[in-house]
Amino acid sequence: MSADALIARFEQEKSRALGRSLRRHAGLYYTPPEIAARVMEVALRSTGGAVGRVLDPCAGAGAFLVAAARAGLRDLHGFDLDPEALRVARKALNLCGASARLRTADSLRSSPREPIDLLVSNPPYGHVADARERAFLLDKFPALRGGEIDRYAAFLLRALQLVRPGGAAALLVPDTWMFLSRSGALREAVLAQAEVAAIVDLGKPFASAKDTRVQAVVLLRKPARLRSTYVARGSVALSPVARAELANAARRGWFVYRSLGERALCAAMEAAAVPLGAACAVGYGMRTGANARHVARRVPAAAEIGLVGGEDLVPYALRWRPKTLLHPERLGPLVRRQLGAPRVAVQRIRTNAQAPWARWLEAAMVPAELVCLDSLSTLSCAHEDRLWALLALVQSVALQRYHRLRTTDVNVKPSALRELPVPRTLLESPLELAGLSRRRAAAGMPAADLHRLDRRIDACVYRAFDLPRRLVHAAEEGFWGGRFDQEIQALEQAMSDPGDTVAGKEGIA
């Protein structure tokens, strides 16, 4: 049996023994060997290959130590809370002609006896619920205060305590720490202690956590000199990011997975725009706290309040499955906040479709008499035409592409929506886009006509951003992928058709 097969068999048996609930509670997501090898490759690239003592503080069955051995590293050490996993790690390393000093220990509380040159690990993920453990982590890592207490966030900081000055930590972690607004203090704490040498998007490798997108992040503790951060998606290098940019955006969030062309697209859109949060009120839908008590699946009777959830929303329209609010007394202030005015509702959980053109932002107008549940975010303002224009803007290819380049989070939070760019010209003159939006929301139009109207909306939005041809093409190609050739023709037709109310932009048509 190979080392990889030995590790995989142990992890499969461990997962079955724990069951899905206990495994998720422990935050255990086992590392495929090709992912461990890629993290090791990124680590050695960042350190120049000169590495002495190596530690995996969450060694498990040894996937990362095996990757280190295959990379030619020999001074290997590992901690883990599971002695059975360490026994498997020892056997796997023996099969690779290597060995390691392995110790049963909690690496959040235990330290290696000698300085560590390189730390590599896939730490546990997941929210820490235990009150005593939360208190310990907040005391040890003050930068976690104010955000979610997640195990992997604690290990980002702990890794920098375990490596020597000038040493490196290479971790496989979810990438949400880079852009969650509540993780600003964590990002600042990392920058205060280290250079972010590399950030590499590794996709969603865990079958048991299909929504968890992970990255290899390499941190150099107190390096002798500071360099730009190497950024890649898989094996494809993207635009490097200067440390000054990370420092300036630490509170707001890091959005780094972009090529030079994609960075230029985002910058041009931002230069012509104000944030969506400045154009309308952006909020959460109503959280009942107990849907079983407060939500009935039936048509509201007279004087009762109807509810709308994520299941009811498709782009530009509601397909309402009637729901009624029960026992509304405690929820009165939340209900009154929404009733009486139409709102744009945006799906909170974006699509998991793999097609490049799958829309991550899905929105529709919600009538004034219905209340949105917390599976939706809401946009509201006093200007009806502006609200209709914002509905079309959010659904446009330009905003879909921008959103994808800003976050990989499956949850479309209001904090992300507030940062979306709204062209200033649209705020000054919303009538054209609002009219197209109302037509798009009307029922009964054939699919081919709907798509032509979508392309007219896209043309109107590109014109509002005043984007040059090369950036329009960058947005279109990034969104449509293999459908780019046919879709760019449809867009240019929408830009140039004299029968359209959308004027052609010179250089695009």
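Residues numbered from 1 in each chain as written. Predicted model: local features only at pLDDT ≥ 70, side-chain atom pairs only at ≥ 80, totals over all residues. Heavy atoms only, no water.

Caption draft 1: Quick peek at the overall build of the protein. When helices and strands are counted, the protein shows 20 helices and 21 strands. Taking 509 residues into account, the globule formula puts the C-alpha radius of gyration at 23 Å, and the protein, at 25 Å, falls close to it. Counting only C-alpha atoms and orienting by the principal axes, one finds that the protein spans roughly 75 × 60 × 40 Å. Expressed as a percentage of its 509 residues, the buried residues of the protein come to 53%. Contacts in the protein between residues at least 24 apart in sequence constitute 73% of all its contacts with a sequence separation of at least 6. Carbon and sulfur atoms provide 52% of the accessible area of the protein, an area that totals close to 22,000 Å². Charge separation in the protein, taken as the distance between the mean sites of 72 positive and 51 negative side-chain charges, equals 5 Å. (Helix = DSSP H or I, 4+ residues; strand = E, 2+ residues; numbered from the N terminus. Rg over C-alpha atoms; globule rule 2.2 N^0.38 Å. Buried < 20%, exposed > 50% of the residue type's maximum accessible area, 1.4 Å probe, protein only. Contact = heavy atoms within 4.5 Å. Areas by Shrake-Rupley, 256 points an atom, 1.4 Å probe, with all protein chains shown as cover. Lys, Arg positive; Asp, Glu negative; His and termini not counted. Charge placed at Lys NZ, Arg CZ, Asp CG, Glu CD.)

Caption draft 2: Just the confidence of the model for the protein, in detail. Residues with a pLDDT of 70 or more make up 93% of the protein, whose mean pLDDT is 90. Across the protein, strand 21 (residues 421-423) holds the top mean pLDDT of 98, while helix 1 (residues 3-26) sits lowest at 75. pLDDT under 50 marks residues 498-509. Its contacts with residues more than four places away, or in other chains, come to 28 contacts. (pLDDT = per-residue confidence, 0-100.)

Caption draft 3: Representation of the packing of helix 18 (residues 447-465) against helix 19 (residues 469-480) in the model. Taken N-terminus to C-terminus, the directions of helix 18 and helix 19 make an angle of 140°; their axes are 12 Å apart at the nearest point. Relative to helix 19, the element helix 18 is oriented oblique. Two packed elements cross with a definite hand, and for helix 18 against helix 19 that hand is right-handed. Contact residues: helix 18 offers His 451, Arg 455 and Tyr 462, while helix 19 offers Val 472, Ala 475, Glu 476 and Trp 480. (Axes fitted to C-alpha atoms, helices over the stretch in contact; angles between N-to-C directions. Parallel < 35°, antiparallel > 145°, perpendicular 65-115°, else oblique. Left-handed = near helix turned anticlockwise from the far one by under 90°.)

Caption draft 4: A look at helix 20 (residues 484-496). Look at helix 20: 18 Å from first C-alpha to last across 13 residues, which is about the 18 Å you get at 1.5 Å a residue. When we look at burial in helix 20, the residues that qualify are Phe 484, Glu 487, Ile 488, Leu 491, Glu 492, Ala 494 and Met 495. The buried residues of helix 20 occupy an angular sector of 155° when projected down its axis, which confines them to one face. Exposed residues pointing more than 90 degrees away from the buried face of helix 20 are listed as Asp 485, Gln 486 and Gln 489. Buried residues along helix 20 sit against helix 18 and helix 19. (Expected span 1.5 Å × (residues − 1). Arc of directions from axis to C-beta.)

Caption draft 5: Here's a closer look at the sheet that holds strand 11 (residues 281-284). Read from one edge of the open sheet, 4 strands run 11-20-17-18, paired in antiparallel fashion. The open sheet has two edge strands with one neighbour each: strand 11 and strand 18 (363-366). Averaged over all pairs of adjacent strands, the angle between their axes in this sheet comes to 30°, without regard to strand direction. Where helix 13 (residues 384-395) meets the sheet, it contacts strand 17 (343-347), strand 18 and strand 20 (376-380), and its direction lies at approximately 160° from that of strand 18. (Pairing = 2+ DSSP bridges.)

Caption draft 6: A look at empty space enclosed by the protein. For the coordinates displayed, the defined rule picks out 1 cavity of 30 Å³ or more. Space inside the largest cavity adds up to approximately 40 Å³. What lines the largest cavity is simply Tyr 316, Arg 359, Gln 395, Ser 396, Asp 454, Ile 457 and Asp 458. At 3 residues, the largest contribution of residues to the lining of the largest cavity is made by helix 18. (1 Å grid on protein atoms, 1.4 Å probe; cavity = no way out; pocket = protein on both sides within 12 Å on 5 of 7 lines; lining within 4 Å. Points joined across faces, edges and corners; volume = space filled by probe spheres on them.)

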